[in-house]
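Working through the structure, step by step
The chain contents come next:
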Amino acid sequence: MPRVLLTGFEPFDGEAVNPSWEAVRALDGWRVGEATVHARRIACVFGQALRELDAAIDELQPTLVIAVGQAGGRAEITPERVAINIDDGRICDNAGCQPIDEPVVAGAPAAYFSTLPIKAIVRDLRAAGLPASVSNSAGTFVCNHLFFGLMHRLAARGAGVRGGFVHIPFLPEQAARWPGQPSMALAAVIEALRIVVGTSLAVHEDLRETGGALH
Ligand code: PCA
């Protein structure tokens, strides 16, 4: 039976929750067609995050891996297009470490593209009434680090396994502490991730939309 690995992060930067873990854990055990979703929580720590991801992939041998992270300040579900080979922490991770301008993997390519159908995902999210856009930067903190490590592993020995990263907004209770910040209700995020998984399983060749319609 095919397995889908969904990862979410532990809270970081003084927050009490991380919506990525709250949302993916709600989908643990979800059967979607032939596939079953497995949720794993990842530390918000450079290095350790990749070791935990590797262990989860070794254990589950998934056919699809979708990592999810919080992007405070964003108002939409944003599938990421590209992971870059740089760690440059604006803040410390949960182990207090702040790498500056270091490669995620020394000697690896500068970047990898997501192998999820990011534009089809945005199309399907919008059709379901959920705000979404393609993002062209996952930042340079632990989310990009995890995304890059995932794509590097899949490129090297993924055997056709597809993967990518999706950033999600704050939950309303987080945004309430930061007046003016956008947020999205947990139920909407969970619904969005169901669509992200379903579209990723169903669509193997992404749309070729031009004109910025899905950006
Ligand atoms: N968001 C952070 C790291 C963990 C998370 O959920 C990021 O965007 O890098």
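Each value, and the rule that gives it
- Residues numbered from 1 in each chain as written.
- Predicted model: local features only at pLDDT ≥ 70, side-chain atom pairs only at ≥ 80, totals over all residues.
- Heavy atoms only, no water.
- Near = heavy atom within 4 Å.
- Polar contact = N/O pair within 3.5 Å; in protein donor to acceptor, adjacent residues only side chain to side chain.
- Areas by Shrake-Rupley, 256 points an atom, 1.4 Å probe, with all protein chains shown as cover.
- Helix = DSSP H or I, 4+ residues; strand = E, 2+ residues; numbered from the N terminus.
- Nonpolar A, V, L, I, M, F, W, Y, C, P; charged D, E, K, R; others polar.
- Pairing = 2+ DSSP bridges.
- Contact = heavy atoms within 4.5 Å.
- Axes fitted to C-alpha atoms, helices over the stretch in contact; angles between N-to-C directions.
- Phe/Tyr/Trp six-rings, centres within 6.5 Å; stacked < 30°, edge-to-face > 60°.
- Buried < 20%, exposed > 50% of the residue type's maximum accessible area, 1.4 Å probe, protein only.
- Lys NZ or Arg CZ within 6 Å of the ring centre and 35° of its normal.
- Core = buried A, V, L, I, M, F, W, Y, C linked by side-chain atoms within 4.5 Å.
- Disulfide = S-S within 2.5 Å.

**Quick look at the site of the ligand**
Lining the immediate environment of the ligand, one finds Phe9, Phe12, Asn18, Cys44, Gly69, Gln70, Phe141, Val142, Cys143 and His167. In the environment of the ligand, an oxygen atom lies 2.9 Å from a nitrogen or oxygen atom belonging to the backbone of Cys143. A distance of 2.8 Å separates an oxygen atom of the ligand from a polar atom in the side chain of His167. For the ligand, the protein covers 94% of the area, taking 260 Å² as the surface of the free molecule. At the level of secondary structure, the elements contributing two or more residues to the shell around the ligand comprise strand S4 (64-70) and helix H4 (142-157). Within the shell around the ligand, the residues separate by chemical class into 6 nonpolar, 4 polar and no charged.

**Observations regarding the sheet that holds strand S5 (residues 78-79)**
Here 6 strands make up an open sheet; going across it, the order is S2-S3-S1-S4-S8-S5 and the pairing mixed. Of all strands in the sheet, those with a lone pairing partner are strand S2 (31-32) and S5, marking the two edges. Its contacts with the sheet put helix H2 (residues 48-60) on strand S1 (3-9), strand S3 (35-42) and S4, and the angle it makes with S3 is roughly 155 degrees. On the sheet, H4 packs against S1, S3, S4 and strand S8 (162-168) and is oriented at approximately 170 degrees with respect to S8.

**Here's the deal with the packing of aromatic side chains**
Centre distance and the angle of the planes are the two values used to describe a pair of aromatic rings. Under the definition given, this model contains 4 aromatic pairs. Ring centres 5.8 Å apart and planes at 45 degrees place the aromatic pair Phe12 and Phe141 in the tilted group. With a gap of 129 residues between them, Phe12 in the loop between S1 and helix H1 (19-26) and Phe141 in the loop between helix H3 (118-127) and H4 connect regions that are remote in the sequence. Assessed through its relative accessible area of 16%, Phe141 is described here as buried. Where Tyr112 meets Phe148, the ring centres are 5.1 Å apart and the plane angle is 50 degrees; that geometry is what we call tilted. Placement of Tyr112 in strand S7 (residues 111-113) and of Phe148 in helix H4 is noted, with a sequence separation of 36 residues between them. When sorted by exposure, Tyr112 lands in the same class as Phe148, which is buried. These aromatic residues form a ring-pair network of at least three members: Phe12, Phe46 and Phe141. Lying across the ring of Trp30, Arg194 places its NZ or CZ 4.8 Å from the centre.

**Topic: the environment of Met151**
The residue Met151 is located in helix H4 in this model. You can call Met151 buried: its relative accessible area is 4%. For Met151 and Tyr112, which are 39 residues apart along the polypeptide, the C-alpha to C-alpha distance reads 6.3 Å. Beyond its immediate stretch of four places on either side in the chain, Met151 contacts Tyr112, Phe113, Ser114, Thr115, Gly163 and Gly164.

**What to know about the nonpolar core**
Counting 32 residues, the largest nonpolar core has Ile66, Ile77, Leu125 and Leu193 as the members making the most contacts within it. Elements represented by at least two residues in this core include exactly S1, H1, S3, S4, H3, S8 and helix H6 (186-202). Per-element tally for this core: the top contributor is H6, with 7 residues. Core analysis: the next-biggest nonpolar cluster, separate from the first, contains 31 residues, Leu5, Leu53, Ala108 and Met151 among them.

**Things to note about the side chain of Ser200**
By the secondary structure assignment, Ser200 is in helix H6. Ignoring sequence-local partners within four residues, the contact set of Ser200 consists of Leu64, Ile66, Leu116, Pro117, Ile121 and Arg162.

**Things to note about the state of the cysteines**
Covalently bonding the sulfur atom of one cysteine to the sulfur atom of another cysteine gives a disulfide. Applying the stated criterion to the full structure yields 0 disulfides. With no disulfide partner, Cys97 has as its closest neighbouring cysteine sulfur the one in Cys92, 7.5 Å distant. The exposure class of Cys97 is partly exposed, given its relative accessible area of 34%.

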